[in-house]
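Residue strings, one per chain:
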Amino acid sequence: MPVVTLTRLAVSGEVQSPVLPEPHCQMPIIQKLRKLFAGYLTELSGYNLMAMLLCYTILSWIGLMLAGETALIQPERFFYWLVVTASTVGYGDFSPSTTAGRAWTAGFIVPAGLSLFAITIGRVGAFAVHHWQKGVKGLKDFQTLTGHIVVIGWNDTRTLHLLELLLKEESLSKSGRTIVMAGDSPEENPMPEKVHFVRLKQYTDELELNRTGLARASCIIVDTPEDDITLTCSLLCYQLNPKAHMIAYFNNERLSQLLTHHCPTVECTPSVAVEMLAKSAADPGSSTLHHDLLSVAGGMTQFSLTVPENTTDHTVGDLLRPFKAHFDALIIGVLPRAAKTIEINPTVDFPIQAGARIYYIANRRIHASEWEKLISD
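Calculation rules
Residues numbered from 1 in each chain as written. Predicted model: local features only at pLDDT ≥ 70, side-chain atom pairs only at ≥ 80, totals over all residues. Heavy atoms only, no water. UniProt positions renumbered as here; feature names shortened; annotations may be inferred. Helix = DSSP H or I, 4+ residues; strand = E, 2+ residues; numbered from the N terminus. Pairing = 2+ DSSP bridges. Axes fitted to C-alpha atoms, helices over the stretch in contact; angles between N-to-C directions. Patch = residues over 30% accessible without salt bridge, like charges linked within 9 Å, V, L, I, M, F, W, Y side chains within 5 Å. Areas by Shrake-Rupley, 256 points an atom, 1.4 Å probe, with all protein chains shown as cover. Salt bridge = Lys/Arg side-chain N within 4 Å of Asp/Glu carboxyl O. 1 Å grid on protein atoms, 1.4 Å probe; cavity = no way out; pocket = protein on both sides within 12 Å on 5 of 7 lines; lining within 4 Å. Points joined across faces, edges and corners; volume = space filled by probe spheres on them. Nonpolar A, V, L, I, M, F, W, Y, C, P; charged D, E, K, R; others polar. Contact = heavy atoms within 4.5 Å. Buried < 20%, exposed > 50% of the residue type's maximum accessible area, 1.4 Å probe, protein only. Lys, Arg positive; Asp, Glu negative; His and termini not counted. Polar contact = N/O pair within 3.5 Å; in protein donor to acceptor, adjacent residues only side chain to side chain. Phe/Tyr/Trp six-rings, centres within 6.5 Å; stacked < 30°, edge-to-face > 60°.

1. Remarks on the UniProt feature "transmembrane region" (unreviewed entry) in the chain
Here's step 1: The UniProt record marks residues 45-66, 78-94 and 106-129 with the feature "transmembrane region" (unreviewed entry), using the residue numbering of this structure.
Here's step 2: A helix fraction of 53% and a strand fraction of 0% characterise residues 78-94, whose end C-alpha atoms lie 10 Å from each other.

2. Quick notes on the sheet that holds strand β3 (residues 196-199)
Here's step 1: Across the sheet, which stays open at both edges, the six strands sit in the order β3-β2-β1-β4-β5-β6 with parallel pairing between neighbours. Taken across any chain shown, the strands that pair with only one partner, and hence form the sheet edges, are β3 and β6 (267-270). Between one strand and the next, the sheet's axes are offset by a mean angle of 15 degrees, whatever the strand orientation.
Here's step 2: Sheet topology places strand β5 (residues 245-250) next to β6; four bridges connect them, and they run parallel. In the sheet register, Y249 faces β6, and the bridge partner there is T269.

3. Some words on a nonpolar patch on the surface
Here's step 1: Among the surface-exposed residues, L54, I58, W61, I62, M65 and L66 lie close enough to one another that they form a single nonpolar patch of about 570 Å² accessible area.
Here's step 2: Structurally, W61 is set in helix α3 (residues 46-66).

4. Points about the pairing of strand β9 (residues 330-335)
Here's step 1: Sheet topology places β9 next to strand β12 (residues 357-362); five bridges connect them, and they run antiparallel. Bridge pairing in β12 links L335 to R357.
Here's step 2: Looking at chain direction, β9 and strand β10 (residues 343-344) are connected through two bridges and run antiparallel. Its bridge partner being in β10, G333 is matched across the sheet by I344.

5. Overview of the layout of surface pockets
Unfilled space is identified by rolling a water-sized probe across the atoms.
Here's step 1: A volume near 240 Å³ is recorded for the second largest pocket.
Here's step 2: Surrounding the second largest pocket, L53, L54, Y56, T57, F79, L82, V83, A86, G113, L116, F117 and T120 form its lining.
Here's step 3: For the lining of the second largest pocket, the per-class residue count stands at nine nonpolar, three polar and no charged.

6. Description of the sheet that holds β10
Here's step 1: Across the sheet, which stays open at both edges, the four strands sit in the order β7-β12-β9-β10 with antiparallel pairing between neighbours. Only two strands of the sheet have a single partner each, and these edge strands are β7 (301-306) and β10.
Here's step 2: Of the strands in this sheet, β7 and β12 are in contact with helix α11 (residues 286-294), which crosses β7 at around 45 degrees.

7. Re the side chain of E69
Here's step 1: Structurally, E69 is set in the loop between α3 and α4 (75-86).
Here's step 2: Notably, E69 is buried but unbridged: the nearest opposite-charge side chain belongs to R102, and the N-O separation is 6.2 Å.
Here's step 3: In this structure the side chain of E69 is engaged in a polar contact, spanning 2.9 Å, whose partner is the backbone nitrogen of S97.
Here's step 4: The residues touching E69, leaving out its near neighbours within four places in the chain, are L64, P96, S97, T98 and G101.

8. Quick look at the packing of aromatic side chains
Here's step 1: Under the defined criterion, the tally for this structure stands at six aromatic pairs.
Here's step 2: With centroids separated by 6.1 Å and ring planes inclined at 85 degrees, the aromatic side chains of Y80 and F94 adopt a geometry described as edge-to-face. Within this pair, whereas Y80 is found in helix α4, its partner F94 is found in the loop between α4 and α5 (99-136), the two being separated by 14 residues in sequence.
Here's step 3: A relative accessible area of 32% places Y80 in the partly exposed class.
Here's step 4: In this structure an aromatic cluster arises from ring pairing among Y56, W104 and F108.

Right under this line is the structure:
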């Protein structure tokens, strides 16, 4: 009968393999605890890590106290000894003197401290690297900066040259203003040790521009790849910080006139490449002359000086000789206070009052503190 039953089951396909008992595969309790503890430490937050360090410190002190280590539990000695021991440096200047103290140190303080010490150092290092990468990739905010220069736009080598010139100008003037470059390119800060970098998604996004600290900037330079974007961005920047000295570069002079109409204090700088070609054709060497006057690499360069407040009125003739005698400088233009047009090559009787800006050629910048030397003659 059993044979017939097995045969029928075989024919019907219902024969199943006998179920064997599963082998015992339970992990030892120590391995489970170690795995659990490692996973917990991996996902440990900063606050939990601080709590564990505090608990570790308290338990270490209590254990040493119960072990009779009166010398080690003194505050001025305990924290030093705990850090040295937990980091396994072990100078040997202090050590437990009792059997219980040595057992507590070997069984708890060193193993637990070494783990926490390694995790803490790793977290600090990871935070430092993350903070550095945010700065390099333009993810940081600089809204707390004040009186800095913001350069908006990226035009490859032209922007790099502009940043280098700005750094040299700030070095010569000794103003110490920080430079923040903001653009949709490149991927990383092109000059990480010299300027700050903010990676923008859009040039016309107010929230993005605020990351540069635009509202507190003293100077804003807008030079984007497209003139229409430069116009829109300049209008937004003027709205966010109308008191800043703003400069916008345009290839299309019509757009620069439009911006000046709506924002009269914005200094629009048009492209003068064509004009320089024509001037050099008529007067050879003109392009080299203008380049040298704008260069800050050395030699005679164009600078400007604002006449200090509470000073007496003078004329250009009064200052020509002092400028030349004391600083070997030549006055080439004067912008009266509240005026919009610079008087080029002014006459000797042209008035110079407080708040006026004097443009001159010299081999170094004349500071406002040196004004008394000019008017003392």
